[in-house]
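# Report on the structure
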Amino acid sequence: MSTFESLVFYRGVSESNPTDHPYLKKTRKDREPKSSSKRFHDVANQWFKQKFGVAYRSEAIFVTSRKLSASTYAASENHLVRIIPTSTYRFCWSPNVSDLLFIAQEFKDASEEDINRRLDSAEYCEGDLQGAHTSGNEVMIFCEDYVCIPVQPDSTSEHSEKPFILIPGNY
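Residues numbered from 1 in each chain as written. Predicted model: local features only at pLDDT ≥ 70, side-chain atom pairs only at ≥ 80, totals over all residues. Heavy atoms only, no water.

Attention shifts here to the sheet that holds strand S4 (residues 80–85). Pairing is antiparallel in the open sheet, where four strands are placed in the order S1-S4-S7-S2. In the strand order of this sheet, the two ends are held by strand S1 (10–12) and strand S2 (23–26), each with one partner. The mean inter-strand angle of the sheet, taken between neighbouring strand axes irrespective of direction, is 40 degrees. In terms of strand pairing, S4 meets strand S7 (residues 145–150) through five bridges, oriented antiparallel. Note on S7: the bridge partner recorded for Ile83 is Cys148. (Pairing = 2+ DSSP bridges. Helix = DSSP H or I, 4+ residues; strand = E, 2+ residues; numbered from the N terminus. Axes fitted to C-alpha atoms, helices over the stretch in contact; angles between N-to-C directions.)

This structure, assessed with the given rule, holds eight salt bridges. Salt-bridge contacts for Asp30 lead to Arg28; the nearest nitrogen and oxygen are separated by 3.2 Å. For Asp30, a relative accessible area of 47% puts it in the partly exposed group. Measuring nitrogen to oxygen at the nearest pair gives 2.8 Å for the salt bridge that ties Arg90 to Glu126. Of this pair, Arg90 sits in strand S5 (residues 89–93) while Glu126 sits in the loop between helix H5 (112–121) and helix H6 (129–135); the two residues are 36 residues apart in sequence, bridging distant segments of the chain. Look at Arg90 and you get partly exposed, because its relative accessible area is 32%. On the basis of relative accessibility, which here comes to 35%, the residue Glu126 falls in the partly exposed class. (Salt bridge = Lys/Arg side-chain N within 4 Å of Asp/Glu carboxyl O. Buried < 20%, exposed > 50% of the residue type's maximum accessible area, 1.4 Å probe, protein only.)

In this section: the sheet that holds strand S3 (residues 61–63). Across the sheet, three strands lie side by side as S3-S6-S5; this open sheet has antiparallel pairing. Of all strands in the sheet, those bounded by a partner on one side alone are S3 and S5. The sheet shows a mean angle of 30 degrees between the axes of neighbouring strands, direction not considered. Pairing analysis gives three bridges linking S3 to strand S6 (residues 139–143), with the strands arranged antiparallel. Its bridge partner being in S6, Ile61 is matched across the sheet by Ile141.

Okay, unusual backbone geometry next. Positive phi is not limited to glycine here, since Glu123 has a value of about 60 degrees. Locating Glu123 in the fold gives a position in the loop between H5 and H6. The exposed category is assigned to Glu123, whose relative accessible area is 51%. For Asp128, which is not a glycine, the phi torsion comes out positive at approximately 60 degrees. Secondary-structure assignment places Asp128 in the loop between H5 and H6.

In C-alpha cells form, the structure reads like this:
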C-alpha cells in the first residue's frame, strides 16, 4: 500500500520556514487564495465540502510529486520540502487537473453552476495515492499536522532524499 512515507511529495514554502532541518507544522484551516479569486475559492470550497465533507481549498495543504511544480511556489531553491502527514489524513486529487489554479484563472468570471460543472468533470477522488504520485498532479492533504523535510537544491534525482528519518527516542 502506498503512503506518504513510501512516496515522495513536495511543497514549496515561504522564507519564514527553516531550510537546514526538518520541522513540524500544523495545517491551517483558514487558508485564503493567493493566486485565484476569492469567489472561485469559495465556490470550489463549497463543492469539495458537499462532495467529500472537507473544504479542501481552505483546510488542506497542497503537494505534488513534481519538484519543478512545487519549486514554483517556493521562496527560493532552498525552500522546497518533502511533506509527510504525522496525523490521520485524507487526500484528494484529480487525474485530469495538474493544478486547480489553472481552472481558477480560466473560470474566474464564470457562474457558480459553470464552476461546479467543471469541477464535476475533473473527476476528483480520495484514493489511489500511487496514481496521484505518478500523475504529478496537485494533491490536497487534509491533516492536523505534518513534517517538512528540506530538500537539498543540488539533488539531481526526483527521489534522491533518504526514504526515512531517524527520531531519537527509547526503542
